[in-house]
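Take a look at the letters that make up each chain.
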Amino acid sequence: MSRTYVVTGAASGIGKATAELLVERGHRVIGVDLRGSDVNVDLATEQGRSGLVTQVAERSGGTIDAIIANAGIATPTAATVAVNYFGTVATLTGLRPLLAGSAAPRAVATASMASLYPPDDALLEALLAGDEAAAMARGAELEAAGGDLANLIYGTTKRALALWIRRNAATPDWAGAGIPLNAIAPGVVATPMTSAYTDTEQAREAILQMVPMPLNGIFQPRDVAYLLAWLTSEENAHLCGQVVFIDGGSDAVIRGDSTW
Ligand SMILES: NC(=O)c1ccc[n+]([C@@H]2O[C@H](COP(=O)([O-])OP(=O)(O)OC[C@H]3O[C@@H](n4cnc5c(N)ncnc54)[C@H](O)[C@@H]3O)[C@@H](O)[C@H]2O)c1
């Protein structure tokens, strides 16, 4: 049966591949991005986040079947805090009421295997407190410090996002409303975001030292799209608060026995 999906970050990479796959399968996709999509908004801003909800409500007629909150950036800047955490949480919470009319509502967010790396504790605390002003201030400090400190921003936003999913999935708003809420944590996927790490053999070898992926190495956005499509399909009725690592094995290598 045809379903209506909202996909953020639909103009490029994983979001684009997911939107294409869903359309091929006969579904309706409302794409969201900064530009070049059905709904063009900046999820880093309050205005963009409320515009998202208004425009998706208008386009959908008030009911959607699934949210794929996937938009993100990977720059070592405070902007990454606004998009990856607050933009994604606002997408999920803002669009959740539109799932109420669906017979099989689903939601998923794109985190990252980078969530496994040590976070910046002060930024993580501000994110988990939902304090955007404090998180942006800490993000700006890390950005100004540059180097290794600025590089903590991305993984910290993805750690916080994965924890937000864990903390919210089993609550009345989500599980209680019959909505499976989960996340994915990709390894290195060949998209415009990672082109600097995947374009040359030398770069690929270097990134695979940091992100060990013994199963089939660097992969394509379409490979991730299959998982996002399944997690938001009618077939997935019982996965709750899971962070599914689609990472060629980096989680198994890095965390080993410490989780299961
Ligand atoms: N590529 C990888 O290796 C990889 C690995 C792990 C996680 N991820 C995550 O996957 C998601 C998709 O990344 P991708 O690799 O497809 O990157 P991409 O750069 O190809 O696509 C990201 C899309 O998000 C959009 N976007 C960015 N900021 C936005 C904003 N403020 N408002 C609205 N849209 C915005 C961009 O315009 C772009 O179209 C991101 O959340 C990223 O962090 C990617």
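Above this note sits the structure.
Figured I'd write up the structure that's included with this text. (Residues numbered from 1 in each chain as written. Predicted model: local features only at pLDDT ≥ 70, side-chain atom pairs only at ≥ 80, totals over all residues. Heavy atoms only, no water.)

A few words now on the layout of surface pockets. The volume enclosed by the largest pocket comes to roughly 1300 Å³. If you go around the largest pocket, you meet 48 residues; those closest to its centre are Ile73, Ala74, Tyr154, Met193 and Thr194. Where the lining of the largest pocket is concerned, the elements lending two or more residues are α1 (13-24), α3 (78-95), α6 (147-150), α7 (152-169) and α9 (201-210). Here the lining of the largest pocket is composed, by residue class, of 29 nonpolar, 15 polar and four charged. (1 Å grid on protein atoms, 1.4 Å probe; cavity = no way out; pocket = protein on both sides within 12 Å on 5 of 7 lines; lining within 4 Å. Points joined across faces, edges and corners; volume = space filled by probe spheres on them. Helix = DSSP H or I, 4+ residues; strand = E, 2+ residues; numbered from the N terminus. Nonpolar A, V, L, I, M, F, W, Y, C, P; charged D, E, K, R; others polar.)

Right, let's talk about the nonpolar core for a bit. With 40 residues, the main nonpolar core has Val56 and Leu92 as its most contacted residues. No other element matches the seven residues that α7 contributes to this core. Filtering out sequence-adjacent residues up to four positions away, leucine 92 remains in contact with Ile67, Ala69, Ala107, Val108, Ala109, Trp164, Ile165, Trp174 and Leu181. Within the second largest apolar cluster, 31 residues are counted, among which are Ala10, Val29, Val211 and Leu228. (Core = buried A, V, L, I, M, F, W, Y, C linked by side-chain atoms within 4.5 Å. Buried < 20%, exposed > 50% of the residue type's maximum accessible area, 1.4 Å probe, protein only. Contact = heavy atoms within 4.5 Å.)

Moving on, we come to the packing of aromatic side chains. This structure, assessed with the given rule, holds two aromatic pairs. A ring pair is formed by tyrosine 85 and phenylalanine 86, whose centres lie 4.9 Å apart and whose planes are at 85 degrees; its orientation type is edge-to-face. Ring geometry for tryptophan 164 versus tryptophan 174: centroids 6.5 Å apart, planes at 80 degrees, classification edge-to-face. Of this pair, tryptophan 164 sits in helix α7 while tryptophan 174 sits in the loop between α7 and β6 (181-186), placing them 10 residues apart in sequence. Under the relative-accessibility criterion, tryptophan 164 is labelled buried at 11%. The class for tryptophan 174 is buried, based on a relative accessible area of 1%. Against the face of tryptophan 174 rests arginine 96, its NZ or CZ located 5.8 Å from the ring centre. (Phe/Tyr/Trp six-rings, centres within 6.5 Å; stacked < 30°, edge-to-face > 60°. Lys NZ or Arg CZ within 6 Å of the ring centre and 35° of its normal.)

So, about the site of the ligand. The full set close to the ligand counts 28 residues, and Ser12, Asp33, Tyr154, Val189 and Thr191 are the nearest of them. Alone, the ligand offers 820 Å² of accessible surface; in the complex the protein occludes 92% of this. Spatially, the ligand is embedded in the largest pocket. Among the residues making up the shell around the ligand, the classes are represented as 15 nonpolar, 10 polar and three charged. (Near = heavy atom within 4 Å. Areas by Shrake-Rupley, 256 points an atom, 1.4 Å probe, with all protein chains shown as cover. Sits in = over half its atoms within 2 Å of the grid points.)

Let us look at the sheet that holds strand β1 (residues 4-8). Two modes of strand pairing occur in sheets, parallel and antiparallel, and in both the strands are linked by backbone hydrogen bonds. Taken together, seven strands build an open sheet; the order of strands is β3-β2-β1-β4-β5-β6-β7 and the sheet is parallel. Lying at the two open borders of the sheet, with one neighbouring strand each, are β3 (39-40) and β7 (243-246). Across four bridges, the pairing between strand β5 (residues 106-110) and β6 is parallel. Counterpart to alanine 109 in the pairing with β6 is alanine 183. Across the sheet, α3 touches β1, β4 (66-69), β5 and β6, and the angle it forms with β4 is around 170 degrees. (Pairing = 2+ DSSP bridges. Axes fitted to C-alpha atoms, helices over the stretch in contact; angles between N-to-C directions.)

The values are spatial; any link to function lies outside them.
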